[in-house]
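Summary of the model geometry
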Amino acid sequence: MEKFTQVTSIATPYMRANVDTDIIIPAKHLKSIKRTGFGEHAFETVRFDAVGNRVGDNVFDSDRYKGAKILVTGDNFGCGSSREHAPWAIAELGFRCIIAPSFADIFAGNCVKNGILTVALPQAEVDAIAMAAEGGQDITVNLEDQTVEVGNSKYEFDYNAAHKHMLLNGLDSIGQTLQASAAISAFEEKQKHMTPWLYRA
Amino acid sequence: MSGTMPQTMYDKIWEHHVVEEREGGVALLYIDRHLVHEVTSPQAFDGLRAAGRKIHRPDSIIAVPDHNVPTKNRHLPNPDPMSTAQLTALEANVKEFGLEYIAIDDVRQGIVHVIGPEQGFTQPGVTLVCGDSHTSTHGAFGALAFGIGTSEVEHVMATQTLVLKKSQNMRVTVNGTLPVGCTAKDVALAIIGKIGTGGGTGYVIEYAGSVIEGLSMEGRMTLCNMSIEAGARAGLVAPDEKTFEYLRGKPKSPKAGQWDAAVSFWKTLGSDEGASFDTEVVLNGDDIVPQVTWGTSPEDVAPVTGFVPEASDIQDDHKSASLEAALKYMGLEQGQAITDIPVDRVFVGSCTNSRIEDIRAVAEIAKGRKIADRIIEAIVVPGSGLVKEQAEAEGLDKILIDAGFEWREPGCSMCLAMNPDKAGAGEHVASTSNRNFVGRQGPGARTHLVSPAMAAAAAIAGHFVDVRDF
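Here the structure is a predicted model, which means the values were calculated and not measured.

This paragraph deals with the packing of aromatic side chains. By the definition in use, this model includes 13 aromatic pairs over all chains. Between the aromatic rings of F141 of chain B and Y246 of chain B, the centroid separation amounts to 5.2 Å while the plane-to-plane angle is 70°, which identifies the pairing as edge-to-face. In this pair, F141 of chain B sits in the loop between β6 (127-130) and β7 (144-147) while Y246 of chain B sits in helix α9 (residues 241-247), placing the two residues 105 residues apart along the sequence. In this pair, the class of F141 of chain B matches that of Y246 of chain B, namely buried. Put simply, the rings of Y14, F43 and F60 of chain A pair up and form one aromatic cluster. The ring of F121 of chain B has R33 of chain B sitting right over it, with the charged end atom 5.1 Å from the ring centre.

To continue, consider the interface of chain B and chain A. Facing 79 residues of chain B, the contacting portion of chain A comprises 53 residues. For the pair chain B and chain A, the two sides together bury roughly 5100 Å², of which 56% comes from carbon and sulfur. Here chain B is connected to chain A by five salt bridges. Note that R440 of chain B and D22 of chain A form a salt bridge whose closest N and O atoms lie 3.0 Å from each other. Joining chain B to chain A, the criterion identifies 29 residue pairs in polar contact (both at pLDDT 80 or more). Top element by residues in the side of chain B that touches chain A is helix α5 (residues 150-159) of chain B. It accounts for seven residues. Each residue belonging to the side of chain B that touches chain A can be placed in one class, and the counts come to 30 nonpolar, 29 polar and 20 charged.

Bringing the packing of helix α12 (residues 356-366) of chain B against helix α13 (residues 385-393) of chain B into the picture now. All names here are of chain B. Close contact between α12 and α13 brings their axes to 9 Å; oriented N to C, the two are set at 40°. Considering their axes alone, α12 and α13 lie oblique with respect to each other. In terms of crossing hand, the pair formed by α12 and α13 is right-handed. On the side of α12, the interface is formed by I356, I359 and R360, while α13 contributes V387, Q390 and A391. Looking at the contact of α12 with α13 residue by residue, the classes come out as four nonpolar, one polar and one charged.

Residues and elements named next belong to chain B. For chain B, the domain assignment lists domain 1 (9-279) and domain 2 (290-469). Placing a centre on the C-alpha atoms of domain 1 and another on those of domain 2 gives a separation of 24 Å. Contacts between the two partners involve 46 residues from domain 1 and, on the opposite side, 46 residues from domain 2. At the boundary of domain 1 with domain 2, total buried surface from both sides reaches about 3400 Å², with 60% on carbon and sulfur atoms. With a closest N to O distance of 2.8 Å, R435 and E229 form a salt bridge. The tally of links from domain 1 across to domain 2 stands at 26 residue pairs in polar contact (both at pLDDT 80 or more). Elements with a contribution of two residues or more to the side of domain 1 that touches domain 2: α3 (81-97), α4 (112-118), α6 (184-195) and α8 (217-225).

Residues and elements named next belong to chain A. A cluster of like negative charges, contributed by E144, D145, E149 and E156, occupies part of the molecular surface. Here E156 lies in strand β8 (residues 153-156). Assessed through its relative accessible area of 66%, E156 is described here as exposed.

Before going further, it helps to examine the nonpolar core. Grouped together as the largest cluster of nonpolar side chains are 95 residues, with contacts concentrated most on M157, V172, V174, Y207 and W266 of chain B. In terms of residue count, the dominant contributor to this core is α6 of chain B (seven residues). Apart from the residues within four sequence positions on either side, V174 of chain B is in contact with V187, I191, A208, G209, S210, V211, I212, L283, G285 and I288 of chain B. Counting 88 residues, the second largest nonpolar core, distinct from the first, contains Y14 and I116 of chain A together with A366 and C412 of chain B.

Take the packing of α6 of chain B against α8 of chain B next. Residue and element names in this part refer to chain B. Put simply, α6 and α8 touch, their axes get as near as 8 Å, and they point 25° apart. Considering the angle they form, α6 stands roughly parallel to α8. The handedness of the crossing between α6 and α8 comes out as right-handed. Packed against α6, whose contacting residues are A184, K185, V187, A188 and I191, the element α8 presents G219, T222 and L223 at the interface.

Our focus in this paragraph is the sheet that holds β8 of chain A. Residues and elements named next belong to chain A. Strands sit in the order β1-β6-β7-β8 across an open sheet of four strands; the sheet is antiparallel. Among the strands making up the open sheet, the edge pair consists of β1 (6-9) and β8. With direction set aside, neighbouring strand axes in the sheet form an average angle of 10°.

A few words now on the sheet that holds strand β8 (residues 161-165) of chain B. Residues and elements named next belong to chain B. In spatial order, the strands read β1-β2-β8; together these three strands make up an open sheet with antiparallel pairing. The sheet is open, and its two edges are formed by β1 (18-21) and β8, each paired on a single side. The average angle at which neighbouring strand axes cross in this sheet is 25°, direction not considered. Pairing of β1 with strand β2 (residues 26-30) involves three bridges; the strand directions are antiparallel. Bridging from a neighbouring strand, E21 pairs with A27 of β2.

So, how was this worked out
- Residues numbered from 1 in each chain as written.
- Chains lettered and ligands numbered in written order.
- Predicted model: local features only at pLDDT ≥ 70, side-chain atom pairs only at ≥ 80, totals over all residues.
- Heavy atoms only, no water.
- Phe/Tyr/Trp six-rings, centres within 6.5 Å; stacked < 30°, edge-to-face > 60°.
- Helix = DSSP H or I, 4+ residues; strand = E, 2+ residues; numbered from the N terminus.
- Buried < 20%, exposed > 50% of the residue type's maximum accessible area, 1.4 Å probe, protein only.
- Lys NZ or Arg CZ within 6 Å of the ring centre and 35° of its normal.
- Contact = heavy atoms within 4.5 Å.
- Buried area = accessible area lost by both parts, 1.4 Å probe.
- Salt bridge = Lys/Arg side-chain N within 4 Å of Asp/Glu carboxyl O.
- Polar contact = N/O pair within 3.5 Å; in protein donor to acceptor, adjacent residues only side chain to side chain.
- Nonpolar A, V, L, I, M, F, W, Y, C, P; charged D, E, K, R; others polar.
- Axes fitted to C-alpha atoms, helices over the stretch in contact; angles between N-to-C directions.
- Parallel < 35°, antiparallel > 145°, perpendicular 65-115°, else oblique.
- Left-handed = near helix turned anticlockwise from the far one by under 90°.
- Domains from an automatic or database assignment.
- Patch = residues over 30% accessible without salt bridge, like charges linked within 9 Å, V, L, I, M, F, W, Y side chains within 5 Å.
- Areas by Shrake-Rupley, 256 points an atom, 1.4 Å probe, with all protein chains shown as cover.
- Lys, Arg positive; Asp, Glu negative; His and termini not counted.
- Charge placed at Lys NZ, Arg CZ, Asp CG, Glu CD.
- Core = buried A, V, L, I, M, F, W, Y, C linked by side-chain atoms within 4.5 Å.
- Pairing = 2+ DSSP bridges.

What follows is the structure, given as structure tokens:
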């Protein structure tokens, strides 16, 4: 996994609340058995009309926000399905960080696995960052310090310590967990005595 | 250890599964049960292969195809080559990794969240995961059950654990008695209407109160299924005699020699008297009215006796912008009566409402009636082959077919547009599924979430109607 330490870039503002995983990547595109190729269909209903023509003023294809590595968006972002195809699609659009008032739990967890930082800030601060994004200002997100800097403003955010460690070091989470194999085996021995019906003969 | 502090059911199940405590409320949590389907697993199997890793406990997994399967003409080749590739990949993967597999032509095949309980694979007190957000369904049995992404599917396969931060405890108590004509689906939608689709974020919800105790296991599954629509990762109902009766004799339930010990253990799982919840929500069941969603989020819901809201009712700017966008997509007017919304298509099915009780509710309304002329198609999709078999034994299929419904083979069907069952652009769908998101049932399709009885009544009337008037 790619490390996340600090990102400085312009940001794409997409200020809708309750952006669900079907908006991020519609179900009909979940049939691939690969981890790649979802970016072209990301936010499809926002970027294309019913007959497949590109919507002219959509923020995801606008030259104005070309090269943005940060997405600024509304409350409860990523609600709905557990599909990891959503962060895969967002990563392919070039985003490494998403700033919103809140995120759906499963979506936020899936982002960590893909090197994407989710930053939750109060609505008023997100609105201020979105304004700066519309103005084309550079935004700096620093994970070590847990700060977002825009112009003269600096906002601090909370972040899960375990996830921070994973992102800063770009760790393989399975490899990490396998270091606890002895503890897992010991747990299983104990559980076989406590609730033996959970193990097939 | 537990000591003397009263604990919630969630606290207990969590504590029973902690392998290692980590800093910041994070733990390495043991996972007992894992359901696998074709959409979110291929990349996980690829990851295992690439790293040369094995599946830690193949006996903890059941795999079944559900999302992509057609619900008719199964004797013909799948019309979609990409669906075929995904279904074929699952078959090859279960063979390579030695997993139990319920194939498409097996009578037990169906939606993961229907077959887990049917097989007795879902049990009180277990941790159960699946690469699908509606895994919350299994909380109806007092199982800590939640959806995970594909990287976590791979993580559980390789290690039998997940690194998780403990959620907070929320209790939703529904007191009183549910009026006739109201169901678990209406309770679920009423709760989401009250707390919002983000209201449960960061929580596990325990459902309690006389209405919950009165629900059948099917009803509890419907309710827990929709927990994720309130943003909660999981829902829980304390196991009771109904739970034990449901599980008795199921293929994977504890066998005779272990049954009594299992039931004794299950009886200890409920929240202790005086256990503390971070948030409490209380509803009066007597006040619940059949619900219909009008917008593009499950929180956009109104009683069937009510109206689409007006922008002037909403204070928040972000929300009023969402209202306008939702109504434009849905082709509805502010202030429109819910019963004035026409219905073009009807879908009864999905992991929310495809169990025998749901099929019976539809048949009861449909009996001796005909669906309205304007209905393009009304399909009833049982959640599993076993539900289908039971419904046919009761003659429900005949009642439905006589009324003009189509009777299909089990699968996820029109809950999400990734198999041949889709709704057309602009069509209003009375749907018993769980999500009314933009494009969920097909590009431009307008989904209205309702209970099975309300969907049946809408099919007969050609518009939404209060099932209590039937």
